[in-house]
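Coordinate analysis (summary)
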Amino acid sequence: MLVDVVAEFAEEVVRPAAFEADKACAAPDELLKASLEIGLPILGVPESLGGVSEERSAMAGTLVAEALAKGDMGPAVATLAPGSVATAIGLWGTDAQQQTYLPAFTGDEVPAAALALNEPTVLFDVLDPSTIAKRSGDGYVLNGTKSVVARGDSAEPLRRRREGSTASRSSSSWSPRPRA
């Protein structure tokens with residue numbers, strides 16, 4: 001049922017927003033707000049912390065991502081990014097971190113958030129990174145080869161080429177069609 005709702009959302013909301021999102025090099029605010037309405041950021045957050053699932057399911061997350069990508073992969077990733085951070089905090093954060101940060105992901109004003117792991121080799125194994133952090137006293141020591149992750153404003157040259165273009169945006173609310 002969840003995948004059906006997300007597939008419908010992808011067809012009716014994500015796909016129509018894809019062209020403008022590509023042109024603007026950004027996901028439209030209306031799309032991100034609509035993704036909150038169907039609970040995308042809280043799919044991996046346990047019910048006890050304000051989410052919708054008692055146990056995280058990698059398969060459910062994969063099926064949701066696949067259904068969203070049928071709309072368009074770029075905006076799909078943008079709608080899933082905050083949920084990936086919330087899921088990581090829910091899985092690996094301390095109780096204090098979960099209590100501090102997860103409430104922000106379960107409200108109406110979900111923060112823009114994303115995860116990135118990059119190493120200076122192709123086809124690296126994300127489950128076996130060569131750069132690791134080890135606790136040392138009150139802090140951590142990073143060991144391994146460090147790599148730079150480009151900032152989000154790397155799309156600025158693309159925006160400059162499109163000066164003068166305007167994207168029409170309208171505020172809308174989306175909800176799935178009732179099933180007969």
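Please refer to the structure higher up on the page.
Just so you know, these numbers come straight off a predicted model, no measurement behind them. (Residues numbered from 1 in each chain as written. Predicted model: local features only at pLDDT ≥ 70, side-chain atom pairs only at ≥ 80, totals over all residues. Heavy atoms only, no water.)

Look at helix α1 (residues 2-24) against helix α3 (residues 58-69): their axes get within 8 Å of each other, and the N-to-C directions meet at 25°. What the angle tells us is that α1 and α3 run roughly parallel. Once α1 is placed against α3, the crossing between them reads as right-handed. Packed against α1, whose contacting residues are Leu2, Val3, Val6, Ala7, Phe9, Ala10 and Val14, the element α3 presents Leu63, Val64, Ala67 and Leu68 at the interface. Considered class by class, the residues forming the contact of α1 with α3 number 11 nonpolar, no polar and no charged. (Axes fitted to C-alpha atoms, helices over the stretch in contact; angles between N-to-C directions. Helix = DSSP H or I, 4+ residues; strand = E, 2+ residues; numbered from the N terminus. Parallel < 35°, antiparallel > 145°, perpendicular 65-115°, else oblique. Left-handed = near helix turned anticlockwise from the far one by under 90°. Contact = heavy atoms within 4.5 Å. Nonpolar A, V, L, I, M, F, W, Y, C, P; charged D, E, K, R; others polar.)

To continue, consider the pairing of strand β1 (residues 132-136). Sheet topology note: the β1/strand β2 (residues 139-143) ladder contains 5 bridges and is antiparallel. Bridging across to β2, lysine 134 finds its partner in valine 141. Between the end of β1 and the start of β2, which pair antiparallel, lie 2 residues, with glycine 137 showing a positive phi angle near 65°. (Pairing = 2+ DSSP bridges.)

Assignment of secondary structure puts serine 35 in helix α2 (residues 29-37). By relative accessible area, serine 35 is classed as buried at 2%. Discounting residues that sit within four places of it in the chain, serine 35 has contacts with Phe9, Leu40, Pro41 and Thr79. (Buried < 20%, exposed > 50% of the residue type's maximum accessible area, 1.4 Å probe, protein only.)

Positive phi values are uncommon outside glycine, yet cysteine 25 reaches one of about 55°. Of note, cysteine 25 is situated in the loop between α1 and α2. Owing to a relative accessible area of 25%, cysteine 25 belongs among the partly exposed residues under this scheme. One non-glycine residue, leucine 123, lies in positive phi territory at about 55°. Checked against the element boundaries, leucine 123 lands in the loop between α5 (95-106) and β1. Here leucine 123 falls in the exposed class, since its relative accessible area comes to 85%.

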